[in-house]
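What the coordinates show
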Protein chains: 2
Amino acid sequence: MTEVTVAQASEPFPADRAGCEALDQRDPLRDFRFRFDLPSGVIYLDGNSLGAMPAAVPAALERGARNGWAERLIRSWNELDWHNLPVRAGERLAPLMGAAPGEVLVADTTSINLYKLLFAALQMRPDRKTIVSERNNFPTDLHILQGALKTSFAGHRLVLAEDDDDGVRTLIGADTAVVCLSHVNYRSGRLRDMKAVTKAAHEAGALVIWDLCHSLGAVPVDLGVAEVDFAVGCTYKYLNGGPGSPAWLYVAARHLQQATNPLTGWQGHAAPFAFDINYAPAATIEKFRVGTPPVLSYLPLLESLQIFAEAEMTQLRAKSLQLTDFFIHRVESELAEFGFEVLTPRDHDERGSQVALGHEQAWPITQALIEAGVIGDFRAPDILRFGFTPLYVGYTDVWDATAALTTIMRSGQWREPRFSVKKLVT
Amino acid sequence: MTEVTVAQASEPFPADRAGCEALDQRDPLRDFRFRFDLPSGVIYLDGNSLGAMPAAVPAALERGARNGWAERLIRSWNELDWHNLPVRAGERLAPLMGAAPGEVLVADTTSINLYKLLFAALQMRPDRKTIVSERNNFPTDLHILQGALKTSFAGHRLVLAEDDDDGVRTLIGADTAVVCLSHVNYRSGRLRDMKAVTKAAHEAGALVIWDLCHSLGAVPVDLGVAEVDFAVGCTYKYLNGGPGSPAWLYVAARHLQQATNPLTGWQGHAAPFAFDINYAPAATIEKFRVGTPPVLSYLPLLESLQIFAEAEMTQLRAKSLQLTDFFIHRVESELAEFGFEVLTPRDHDERGSQVALGHEQAWPITQALIEAGVIGDFRAPDILRFGFTPLYVGYTDVWDATAALTTIMRSGQWREPRFSVKKLVT
């Protein structure tokens, strides 16, 4: 990270918009912005919820529909290798997480993949009855654990740690079967020490499942070096795969033989097109496939992964930290009087690629910002979240976003009644 | 069915191609063919594997990508109601199966939906330990049942009936918790008596789960009249939703309160955007949602369902039976000497919308037909399958397909070595 040419933390932050523009000009990642189709008049700081669209996507969908589905019809499963999309996409995703090609599969949703791997892990630790997770985990992770324990592992228990890694370590013991945590917390943006926590779990004889939804694509990840057992994540946030694009799962090669998938659908069979009525799992990562893959939803992800193949993760990480440092600096220098609390850790080793601000009026302030063209989001009850995707967000965006927030706070504009109307999703 | 203007079974079959063209001209469904983008020079008799593309699909994908994803970004989840796609698509699918709007959800894959409903059904019959299915069921159904029993219902057993409905009834008893069958068999094209089998199951105190993958969209279905408890199916065959488009599940309204989903993902929560860490299921069919829906893969299905909203199922069924009757007639009259066995029942009440021909050289014959522009498919070890989608297949297609098959058999062309090379999928 020290060799890249973006501004380092030791440099002073730009003091004006022109300084931001100059930094953007020097940004070695600058040209990647033009690989995305971003609307004019919008500063998009919600790529941690839905990544922006790679500009190549509409043409890829058109090809998939016209040349694949309409023209070749059923033959595309062979001729365009649609059948292997879960494996092919996994092979292209693997380098981003320090995985070998045969360790990653793109399929289903994060929740369903966590369910599969939870069963796999628990069956590998049959004499242990405790699952360790964290109170502030993304809810679906806790929901899936709760549901699985209720219906299929009635003798097991779930214990929840607080946010600090020490709190997690304290809960890990001789009865711990699985430790299931998020790499970056979806609310605070706090980054866990994956390697250290994994080591602590292993020393106690437990297995780990990491959820990388809020880190992969923006934070360097090396599952191999950290000796992670299992991992899951989505592809529609920093990975820009499109709304609800297929999720992924990782199984360390050393566990592939022993790990079993409870969702024994035909696509995970050793020979799905032999139409054998008795299930026999594939010997490879394909044992974690279930049903027929939603082809059209894979195509944008392949376009996005092409962009990642051309980018350097060390550069992405350096820029991400600079952007979040600068955003925090601006909030503290320009907005000090308005009662925002920076909830994201200052320590780079503990920060993902988002900044969370606590404020009791978080909802209407978020809505006023969106109307002003600055798209962040809200997490109940009192958090404003801002995601910084280094591929397409620049220093001038940080300047303009914080300037807009300053205007909204100074004018009291957020108090206008229309900003208090809650919508379904943000 | 007696009032529609297509040729009735009592009419003589056309004796020449001109007679077929005349029938096609009189076909009240004729114009629907132009709502699909079909390649020239191809007779497509594999809509029972992957339905053809509605012509409106590329524009719908373009709108979804450019106006939805790229332009509105995260706001599309609200502004374009993406969040409710599983429910909205379910509401539009419901009339095709005689369901009320709140009984159908479009989500995940058939295999995963069967897993959900199997758990729901078994938990509603806790004192019964037997699941009745059928030996020739589509493999993934049996695989899912086998896997669930192995990992979560160890004391249960699976018993398999033969193809006749009487064989199923014989196996249903006081210990039967669930009867899980396919409405139309994927190999033979045999149609089961859904109402009678459901009644027999209910009389024994059991619940039913019907798999409608190979019937819905081509065969009239009324789950309400048949008092079906649960059903699942895909949308990429007769429903033309696109490769791997999301599957659906049906839960009778009377079971919605009691039925529980083992895959307790956040989208099935009563208030997913409250981010409550404790799972509390939705009170509606949404309790069977799991993760974030793959938006782009839903858009083609909505276009296809618009076509179905304009078609009469009684007309579709009448034409389907006429086409399959005519195909069987042509095989028996033109191809009698070549050893094909018609495996599909002659009785209309027992026939879906496909014809299966048994032949020991089924593989190379299928390949030679595909090269000649007639796309059917092969099912191991010895079946040629031909699906007749009444929306876009005509009488002239039947004539030309059987003429091509006759040429291939008379010339012995199928013996050419290139036709014996097996591919991954057909």
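Residues numbered from 1 in each chain as written. Chains lettered and ligands numbered in written order. Predicted model: local features only at pLDDT ≥ 70, side-chain atom pairs only at ≥ 80, totals over all residues.

**Observations regarding helix α10 (residues 313–334) of chain A**
Its 22 residues place the ends of α10(A) 31 Å apart at the C-alpha level, agreeing with the 32 Å of an ideal helix rising 1.5 Å per residue. For α10(A), the elements touching its buried residues are β11 (341–342), β12 (354–358), β15 (383–387) and α12 (395–411) of chain A. (Helix = DSSP H or I, 4+ residues; strand = E, 2+ residues; numbered from the N terminus. Expected span 1.5 Å × (residues − 1). Contact = placed C-beta atoms within 7 Å.)

**As for the packing of helix α11 (residues 362–371) of chain B against helix α12 (residues 395–411) of chain B**
All names here are of chain B. Running from N to C, α11 and α12 point in directions that differ by 120 degrees, and their axes come no closer than 10 Å. Considering the angle they form, α11 stands oblique to α12. The two elements α11 and α12 cross, and the hand of that crossing is right-handed. Of the residues in α12, those touching α11 at Ile 365, Ala 368 and Leu 369 are Ala 404, Leu 405 and Ile 408. (Axes fitted to C-alpha atoms, helices over the stretch in contact; angles between N-to-C directions. Parallel < 35°, antiparallel > 145°, perpendicular 65-115°, else oblique. Left-handed = near helix turned anticlockwise from the far one by under 90°.)

**Structural notes on the relation of the copies chain A and chain B**
Note: a rotation about an axis with an accompanying shift along it relates these two copies of the chain. Superposing chain A onto chain B takes a rotation of 180 degrees combined with a translation of 0.0 Å along the rotation axis, leaving an RMSD of 0.0 Å. Both chain copies can therefore be described as sitting about a two-fold axis. Take the interface residues of chain A: 100% of them recur as interface residues in chain B, which is what a same-surface contact looks like. (Least-squares fit on C-alpha atoms with pLDDT ≥ 70 in both.)

**As for the nonpolar core**
With 267 residues, the main nonpolar core has A:Leu118, A:Ile209, B:Leu118 and B:Ile209 as its most contacted residues. Residues within four places of A:Ile209 in sequence aside, it is in contact with A:Leu114, A:Leu117, A:Leu118, A:Ala121, A:Val178, A:Cys180, A:Phe230, A:Ala231 and A:Val232. (Core = buried A, V, L, I, M, F, W, Y, C linked by C-beta atoms within 7 Å. Buried ≥ 20, exposed ≤ 12 C-beta atoms within 10 Å, placed from the backbone.)

**Description of the domain arrangement of chain A**
All names here are of chain A. Under the domain assignment, chain A is made up of domain 1 (17–37 + 312–416) and domain 2 (58–309). Only α10 and β12 provide two or more residues apiece to the side of domain 1 that touches domain 2. In terms of residues, the side of domain 1 that touches domain 2 owes the most to one element, α10, which gives five residues. Counted by class, the side of domain 1 that touches domain 2 contains ten nonpolar, seven polar and five charged residues. (Domains from an automatic or database assignment. Nonpolar A, V, L, I, M, F, W, Y, C, P; charged D, E, K, R; others polar.)

**Side note on the interface of chain A and chain B**
Opposite the 72 residues of chain A that make contact, chain B presents 73 residues. For the side of chain A that touches chain B, the elements supplying multiple residues, two or more each, are α2 (57–72), α3 (76–79), α5 (110–124), α6 (139–152), α9 (295–310) and β14 (377–379) of chain A. The residue inventory of the side of chain A that touches chain B, partitioned by class, reads 40 nonpolar, 22 polar and ten charged.

**Let's talk about the sheet that holds β12(A)**
Residues and elements named next belong to chain A. Strands sit in the order β11-β12-β15-β14 across an open sheet of four strands; the sheet is antiparallel. The sheet is open, and its two borders are formed by β11 and β14, each paired with just one other strand. Relative to β15, β12 is paired through five bridges, and the arrangement is antiparallel. Note that in β15 the partner of Gly 358 across the bridge is Ile 383. The sheet contacts of α10 involve β11, β12 and β15, and relative to β12 the element is tilted by about 20 degrees. (Pairing = 2+ DSSP bridges.)

**Observations concerning unusual backbone geometry**
All names here are of chain A. With an omega of 0 degrees, the peptide bond running from Ala 380 to Pro 381 counts as cis. Within the element layout of this structure, Pro 381 appears in the loop between β14 and β15. With a phi close to 55 degrees, Asp 81 is a non-glycine residue in the positive phi region. The topology assignment puts Asp 81 in the loop between α3 and α4 (85–93). On the neighbour-count criterion, Asp 81 (12 C-beta atoms within 10 Å) is exposed.

**Focus on the environment of A:Asp222**
Residue and element names in this part refer to chain A. Relative to the assigned elements, Asp 222 resides in the loop between β8 (207–211) and β9 (230–233). Using a count of 15 C-beta atoms within 10 Å as the deciding quantity, one classes Asp 222 as partly exposed. Considering only alpha carbons, one finds Asp 222 and Thr 324, 102 residues apart in sequence, at a separation of 22 Å.

**As for α5(A)**
Across its 15 residues, α5(A) extends 21 Å between first and last C-alpha, which sits within 8% of the 21 Å expected from 1.5 Å per residue. Across the 15 residues that make up α5(A), a large majority, 13, are buried.

**Re the sheet that holds β8(A)**
Residues and elements named next belong to chain A. Ordered by their spatial adjacency, seven strands build an open sheet running β4-β10-β9-β8-β7-β5-β6, and the pairing between neighbours is mixed. Since the sheet does not close on itself, it has two edges, and those belong to β4 (104–106) and β6 (157–161), each with one partner. Across the sheet, the mean angle from the axis of one strand to that of its neighbour is 15 degrees, orientation sign disregarded. Bridge analysis of β9 against strand β10 (residues 248–251) gives four bridges, and the strand direction is antiparallel. For Phe 230, the partnering residue across the bridge sits in β10 and is Val 251. The sheet contacts of helix α8 (residues 194–203) involve β7 (176–182) and β8, and relative to β8 the element is tilted by about 155 degrees.

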